[in-house]
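The residues making up each chain are set out below.
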Amino acid sequence: MHMTAIERGGSVPPNCLVIPKNPGSPGSEDHPAVTPHAVCDFWVKYLLPPGGTLLSPFCGSGTELLAGLNHGAGGVIGIEREKRYIEITRRRVAAG
């Protein structure tokens, strides 16, 4: 079953996301490519089907994985080559 834009929280023009500027997601611990949680939240809410599995091939500190879990992902898979960020992601996901 596909959700409508209104069920996902409304819509904006396709080339515009209204996201307040901030230094990143809480707990991201200075990852060099921070993505605000609001951006991950928007994309996950828009693209992830209910109960779907989220794959983040460059998961960094796990913000996208957390957004997936917050929106009912059946599972999340993160891939990251830097051990430091894998440990951060594990802590963040375990804490919810």
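See the structure printed just above.
Enquirer: Describe the overall build of the chain, naming the residues involved and giving the relevant values.
Expert: Looking only at helices and strands, the chain has three helices and two strands in total. Along the chain direction, N to C, the helices and strands of the chain fall in the order α-β-α-β-α. In the chain, buried positions account for 30% of the 96 residues. Long-range contacts, defined as pairs at least 24 residues apart, comprise 51% of the intrachain contacts of the chain with a sequence gap of at least 6. Total accessible area computed for the chain in this model is approximately 6,500 Å², and 60% of it derives from carbon and sulfur atoms.

Enquirer: If you had to explain the packing of helix H1 (residues 37-47) against helix H2 (residues 63-70) to someone new, which residues and values would you point to?
Expert: Put simply, H1 and H2 touch, their axes get as near as 9 Å, and they point 50 degrees apart. With respect to H2, the element H1 is oriented oblique. When the axes of H1 and H2 are compared, the crossing they make is right-handed. Touching His-37, Cys-40, Asp-41 and Val-44 of H1 are Thr-63, Glu-64, Leu-66, Ala-67, Gly-68 and Asn-70, all from H2. Counted by class, the contact of H1 with H2 contains four nonpolar, four polar and two charged residues.

Enquirer: Report on the nonpolar core, specifying residues and quantitative values.
Expert: Buried together is how nonpolar side chains tend to be arranged in soluble globular proteins. Formed by Cys-40, Val-44, Leu-48, Leu-54, Cys-59, Leu-65, Ala-67 and Ala-73, the largest nonpolar core amounts to eight residues. Mapped onto this core, the elements with two or more residues apiece are H1 and H2. When residues no more than four places from it in sequence are discounted, the contact partners of Leu-65 are Leu-54, Ser-56, Cys-59, Val-76, Ile-77, Gly-78, Thr-89 and Val-93.

Enquirer: Explain the packing of aromatic side chains to me, using residue names and the numbers behind them.
Expert: Centre distance and the angle of the planes are the two values used to describe a pair of aromatic rings. Enumeration according to the criterion identifies three aromatic pairs in this entry. A centroid spacing of 6.2 Å and a plane angle of 5 degrees characterise the contact between Phe-42 and Tyr-46, whose relative ring orientation is stacked. Of the two residues, Phe-42 and Tyr-46 are both situated in helix H1; the distance of four residues between them amounts to about one turn of the helix. Summarising the aromatic geometry, the rings of Trp-43 and Tyr-46 are spaced 6.3 Å apart at their centres and angled 80 degrees between planes, so their arrangement reads as edge-to-face. With a gap of three residues between them, Trp-43 and Tyr-46 both fall in helix H1, about one helical turn apart.

Enquirer: How would you sum up the pattern of salt bridges? Please name residues and give values.
Expert: By the definition in use, this model includes two salt bridges. For the salt bridge of Glu-87 with Arg-90, the shortest nitrogen-to-oxygen distance reads 3.1 Å. Residue Glu-87 and its partner Arg-90 are located together in helix H3 (residues 83-95), separated by three residues, close to a single helical turn.

Conventions adopted
- Residues numbered from 1 in each chain as written.
- Predicted model: local features only at pLDDT ≥ 70, side-chain atom pairs only at ≥ 80, totals over all residues.
- Heavy atoms only, no water.
- Helix = DSSP H or I, 4+ residues; strand = E, 2+ residues; numbered from the N terminus.
- Buried < 20%, exposed > 50% of the residue type's maximum accessible area, 1.4 Å probe, protein only.
- Contact = heavy atoms within 4.5 Å.
- Areas by Shrake-Rupley, 256 points an atom, 1.4 Å probe, with all protein chains shown as cover.
- Axes fitted to C-alpha atoms, helices over the stretch in contact; angles between N-to-C directions.
- Parallel < 35°, antiparallel > 145°, perpendicular 65-115°, else oblique.
- Left-handed = near helix turned anticlockwise from the far one by under 90°.
- Nonpolar A, V, L, I, M, F, W, Y, C, P; charged D, E, K, R; others polar.
- Core = buried A, V, L, I, M, F, W, Y, C linked by side-chain atoms within 4.5 Å.
- Phe/Tyr/Trp six-rings, centres within 6.5 Å; stacked < 30°, edge-to-face > 60°.
- Salt bridge = Lys/Arg side-chain N within 4 Å of Asp/Glu carboxyl O.

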